[in-house]
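Here is how the chains run, residue by residue.
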Amino acid sequence: MNVAVSTLTSARVQPAPPERFDITPLDAPLGALVSGFDAKALRPEQVLQLKQALRDHHILLFRGQQLDDAQYLAFATHFGAVFQPPANIPVLSSGADGKAPEIVKVANSEGGELGNTAIPAHADHHWTPTPSSGSFLYAQAVPSTGGETRFTNLALAYETLNEATRREIDPLRLITYNPFIRLKTGGYNGSFVRYRTPEVPAIQGTEHPLVRTHPESGKRLLFLGVATEVEIPGADPAYGQALIERLREHLEQPRFHYSHAWQPGDIIWWDNQAVLHARNAFPAKEQRRMKRISLAGSRPF
Ligand SMILES: O=C(O)CCC(=O)C(=O)O
Ligand SMILES: [Fe+2]
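Note that this is a predicted model, so its numbers are computed, not measured.

Reading the values: the criteria
Residues numbered from 1 in each chain as written. Chains lettered and ligands numbered in written order. Predicted model: local features only at pLDDT ≥ 70, side-chain atom pairs only at ≥ 80, totals over all residues. Heavy atoms only, no water. Phe/Tyr/Trp six-rings, centres within 6.5 Å; stacked < 30°, edge-to-face > 60°. Helix = DSSP H or I, 4+ residues; strand = E, 2+ residues; numbered from the N terminus. Buried < 20%, exposed > 50% of the residue type's maximum accessible area, 1.4 Å probe, protein only. Pairing = 2+ DSSP bridges. Salt bridge = Lys/Arg side-chain N within 4 Å of Asp/Glu carboxyl O. Donors = N, O, S within 2.8 Å, 3.2 Å for Na, K, Ca; no water. Near = heavy atom within 4 Å. Polar contact = N/O pair within 3.5 Å; in protein donor to acceptor, adjacent residues only side chain to side chain. Nonpolar A, V, L, I, M, F, W, Y, C, P; charged D, E, K, R; others polar. Axes fitted to C-alpha atoms, helices over the stretch in contact; angles between N-to-C directions.

1. Notes on the packing of aromatic side chains
Enumeration according to the criterion identifies twelve aromatic pairs in this entry. Summarising the aromatic geometry, the rings of F62 and F75 are spaced 5.5 Å apart at their centres and angled 85° between planes, so their arrangement reads as edge-to-face. Residue F62 is located in strand β3 (residues 59-62), and its partner F75 is located in helix α3 (residues 69-76); the two are separated by 13 residues in the primary sequence. Like F75, F62 is buried. What links up through ring pairs into an aromatic cluster is the set F21, F37, F62, F75, F79, F136 and W269.

2. Here's the deal with the pairing of strand β15 (residues 267-271)
Counting buried positions along β15 gives five out of five residues, so the element sits mostly inside the fold. Two elements, β3 and β15, share four bridges in a ladder whose sense is antiparallel. Following the sheet pairing, I59 is matched in β15 by W270. The pairing of strand β7 (residues 134-141) with β15 spans five bridges and is antiparallel. Looking at β15, one finds that F136 is bridged to W269.

3. Quick word on the pattern of salt bridges
Under the defined criterion, the tally for this structure stands at 17 salt bridges. Across the pair R43 and E45 runs a salt bridge whose closest N-O atoms are separated by 2.9 Å. Residue classification places R43 among the buried residues on the basis of a relative accessible area of 19%. Relative accessible area serves as the criterion here: at 39%, E45 is assigned to the partly exposed category. R55 is paired through a salt bridge with D56; the nearest N and O atoms lie 3.1 Å apart. Owing to a relative accessible area of 29%, R55 belongs among the partly exposed residues under this scheme. Residue D56 is classed as partly exposed on the basis of its relative accessible area, which comes to 43%. Overlapping salt bridges bring together R194, E245 and R248 as one network.

4. Notes on the coordination of the iron ion (ligand 2)
The coordination sphere of the iron ion (ligand 2), as far as protein atoms go, consists of H122 (NE2), D124 (OD) and H277 (NE2), spread over 2.1 to 2.2 Å. Mapped onto the polypeptide sequence, the residues donating to the iron ion (ligand 2) form the spacing pattern H-x1-D-x152-H. Placement of H122 in strand β6 (residues 119-122) and of H277 in strand β16 (residues 275-279) is noted, with a sequence separation of 155 residues between them.

5. Quick word on the site of ligand 1
All residues in the neighbourhood of ligand 1 are listed as V106, L114, I119, H122, D124, L137, T149, H277, R279, R288 and R292. Contact between ligand 1 and D124: an oxygen atom at 3.1 Å from a side-chain N or O atom of the residue. Listing elements by their share of the shell around ligand 1, those giving two or more residues are β6 and β16. Considered class by class, the residues forming the shell around ligand 1 number four nonpolar, three polar and four charged.

6. A word on unusual backbone geometry
The phi dihedral of H58 is positive, around 75°, even though this residue is not glycine. Positive phi, normally seen in glycine, also occurs at H125, with a value near 65°. Inspection of the secondary structure puts H125 in the loop between β6 and β7. Assessed through its relative accessible area of 4%, H125 is described here as buried.

7. Here we look at the sheet that holds β16
A sheet is described by the order of its strands in space; here four strands give the open sequence β6-β16-β8-β14, paired in antiparallel fashion. Each edge of the sheet is formed by a strand with only one pairing partner; in this case those strands are β6 and β14 (257-260). Between one strand and the next, the sheet's axes are offset by a mean angle of 15°, whatever the strand orientation. In terms of strand pairing, strand β8 (residues 149-153) meets β14 through four bridges, oriented antiparallel. Each residue of the ladder has a partner; that of T149, found in β14, is H260.

8. Quick look at the sheet that holds strand β13 (residues 230-231)
Pairing is antiparallel across the open sheet formed by three strands, whose spatial order is β10-β9-β13. Two strands close off the open sheet at either side, each with one partner strand: β10 (205-209) and β13. Here five bridges tie strand β9 (residues 173-177) to β10, and the two strands are oriented antiparallel to one another. In the strand pairing of β10, Y177 is matched with G205.

Written as structure tokens, this is what we have:
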């Protein structure tokens, strides 16, 4: 064997994995922990395993990661392009040009977004024509108490509805209105609207199926935020409001939830097509700094 060939052969050898790569379901109605894993050194077969694991478990937790912004973006974009809103639709952190940063600072300091308040359960960018397929949150600094992020399994929420309700809601459509418009204009009469009735002026929103089909697993899912302003187009307002409240009470049951208490270095990747996420409040005097990357999605069906 000549020298040139042996050099070529050794250059192709992949470095050995540092530890055993494992995907272990959490003791919860959704989620799995990925261990033996360095987001900086992802191997091709691991990218595929992670995609399949997300489809099966809806959220994936990675601990002890140390990534700079470029490494974090490189990791996340194995799974899709970064979400950008249409220019006329405001979203979290979008600027005057309508563009959102690739990495959004979710923090109560250093010019971050969302402060220290509780955030009701939602799917990211639900009110746009192509809501996010999934988002990543990477913990940099966490408070000693509060600030947990809670995820809701929307497939389980749909499956556990009684058959009559499933049949009732299967054909329905839902308009989800953009919360960032009400936030900018100070809400409607100073309070948040959970269901738009005819006397409430309409704002930008997008109509999608109320029950969507997951684009990879084929599972049927109840695609409804718990406090986001919505409307069932064409439905009698009293009927629509009562139905949505009933479905929201159903979603609030702990049997669908996993609540994550963060440690610095944790990354969670969640499937916005299959879960809601919510956040608990935390003390204003403590710091919580997270970095979010949200991926582009497709039109729900
Ligand atoms: O701060 C959190 O835990 C979640 C915030 C949120 O909704 C998001 O980053 O999309
Ligand atoms: Fe969110």
